[in-house]
Amino acid sequence: MTTGSDWRDAVGRTWADNYRLTDRSFAGLTERLLARIGSCQGQNVLDIGCGAGELSIAVARGNDGANVIGVDVSPALVAAAVKRGSEHPNLRFEEADAGSWTPSGFRPDKLISRHGVMFFDAPRDAFSHLREIAAPGGELIFSCFRSPKLNPWASEMASLLKLPPNPDPRAPGPFAFADQDHVRSILTDAGWQDVELAETDFAYVAGVGDDPVADALDFFSRIGPAAPALRALEGEERERAHRWIREWLEQHRSGNLVAFAGAAWIVTGKA
């Protein structure tokens, strides 16, 4: 479970410090998401849970006639996004909870997100609010992970570390929207129409360079569901776990790259 307070505090700071690594891991998905978003010229665009701003920046850069706002609860991530996006006059970022954020004079024609919507404490209320602030006929386009079993970078790591199963798979967290029926129910209850979920597969890049295995181990120790457990290990237990993980990472190595199958939904709807 990852709550809003986690993102405002340690989790947000960690992702802000490592945004280049997370952008790298999601690069293939970002490309597919941008293709689905399409042209935004002349439109107001809201990026929900914008993180360090990669999706917002890409949309603003490719659509100089769009008005783009990225919103995130993490002050550290918003600060990183502001710094990265400073050269785009059609882009701004705000620190706020998108599920209750009320803009002045801004009704988004497109509401987009790359994996930023799975952490609402009350998702039905949040998506109902987002529908209310959307322009008539506004489009909702976001990505989220499918089942952990289809994302071995998460499920196999959890097995290696013998992490306990999640007692509530729908609690706020990276896989909270894995069940398509659950997602569809949330959005339709919130008033969104024409809801569709498209399976999207991509390469989840964990490590690169001369020693991609070491790079991947460092990445997983910083980012992801297993990171807190990895950081907590000490002494012989830590050495043993790192040995297992290195062997596992070698199985997913191809030259100077360690990558895993990544499985996501691209979810769409209309206000």
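Predicted, not measured: the structure shown is a model, and the values here were computed from it. (Residues numbered from 1 in each chain as written. Predicted model: local features only at pLDDT ≥ 70, side-chain atom pairs only at ≥ 80, totals over all residues. Heavy atoms only, no water.)

(A) Summary view of the environment of Arg-124. Within the fold, Arg-124 resides in helix H7 (residues 123–133). Residues Arg-124 and Ile-186, 62 residues apart in the sequence, show an inter-C-alpha distance of 5.3 Å. Those residues in contact with Arg-124 that sit more than four places away from it in its chain are Ser-185, Ile-186, Asp-189 and Ala-190. (Helix = DSSP H or I, 4+ residues; strand = E, 2+ residues; numbered from the N terminus. Contact = heavy atoms within 4.5 Å.)

(B) Representation of the packing of aromatic side chains. Going through the model one piece at a time under the given rule, you end up with 20 aromatic pairs. Relative to Phe-119, the ring of Trp-7 lies with its centre 5.1 Å away and its plane at 75 degrees, an arrangement referred to as edge-to-face. Placement of Trp-7 in helix H1 (residues 4–8) and of Phe-119 in the loop between strand E4 (110–114) and H7 is noted, with a sequence separation of 112 residues between them. With a relative accessible area of 11%, Trp-7 lands in the buried category. For Phe-119, a relative accessible area of 15% gives the class buried. Over the ring of Trp-265 we find Arg-146, and its NZ or CZ is 5.6 Å from the ring centre. (Phe/Tyr/Trp six-rings, centres within 6.5 Å; stacked < 30°, edge-to-face > 60°. Buried < 20%, exposed > 50% of the residue type's maximum accessible area, 1.4 Å probe, protein only. Lys NZ or Arg CZ within 6 Å of the ring centre and 35° of its normal.)

(C) Region of interest: the side chain of Ser-74. Secondary-structure assignment places Ser-74 in the loop between strand E2 (67–72) and helix H6 (75–84). From its side chain, Ser-74 meets the backbone oxygen of Trp-7 in a polar contact 3.3 Å long. A distance of 3.1 Å separates a polar atom in the side chain of Ser-74 from the backbone nitrogen of Leu-77. The contacts of Ser-74, once residues within four sequence positions are left out, are Trp-7, Arg-8 and Gly-12. (Polar contact = N/O pair within 3.5 Å; in protein donor to acceptor, adjacent residues only side chain to side chain.)

(D) Summary view of the environment of Gly-255. If you trace the backbone, Gly-255 turns up in the loop between strand E7 (253–254) and strand E8 (257–270). Placed 47 residues apart in sequence, Gly-255 and Val-208 show a C-alpha to C-alpha distance of 8.9 Å.

(E) Broad picture of the environment of Val-73. Counting through the fold element by element, Val-73 comes out in the loop between E2 and H6. Spatially, the C-alpha atom of Val-73 lies 6.9 Å from that of Gly-4, the residues being 69 residues apart in sequence. Excluding residues within four positions of it along the chain, Val-73 makes contact with Gly-4, Trp-7, Arg-8, Glu-95, Ala-96 and Asp-97.

(F) Looking closely at H6. The set of residues buried in H6 consists of Leu-77, Val-78, Ala-80 and Ala-81. The arc that holds the buried residues of H6, viewed along the axis, is 160 degrees, so those residues lie on one side. Each element contacted by the buried residues of H6 is listed here: H1, helix H2 (10–17), helix H3 (19–25), helix H5 (54–62), E2 and strand E3 (91–95). (Arc of directions from axis to C-beta.)

(G) Structural view of helix H8 (residues 152–160). Pro-152, Trp-153, Ala-154 and Met-157 are the residues of H8 that are buried. Against strand E5 (139–145), strand E6 (193–208), helix H10 (212–222), helix H11 (227–232), helix H12 (235–251) and E8 lie the buried residues of H8. Just downstream of H8, Lys-162 is the residue with a positive phi angle, here 55 degrees.

(H) A look at the nonpolar core. Of all hydrophobic cores here, the largest spans 39 residues; its most connected members are Phe-127, Leu-130, Phe-142, Phe-177 and Trp-192. The element that contributes the greatest number of residues to this core is H7, accounting for four residues. Aside from chain neighbours lying at most four places away, what touches Phe-127 is Val-117, Phe-120, Leu-140, Phe-142, Phe-177, Ile-186, Leu-187, Ala-190 and Trp-192. Ranked by size, the runner-up nonpolar core spans 28 residues in total, among them Leu-29, Phe-145, Ala-154 and Phe-220. (Core = buried A, V, L, I, M, F, W, Y, C linked by side-chain atoms within 4.5 Å.)

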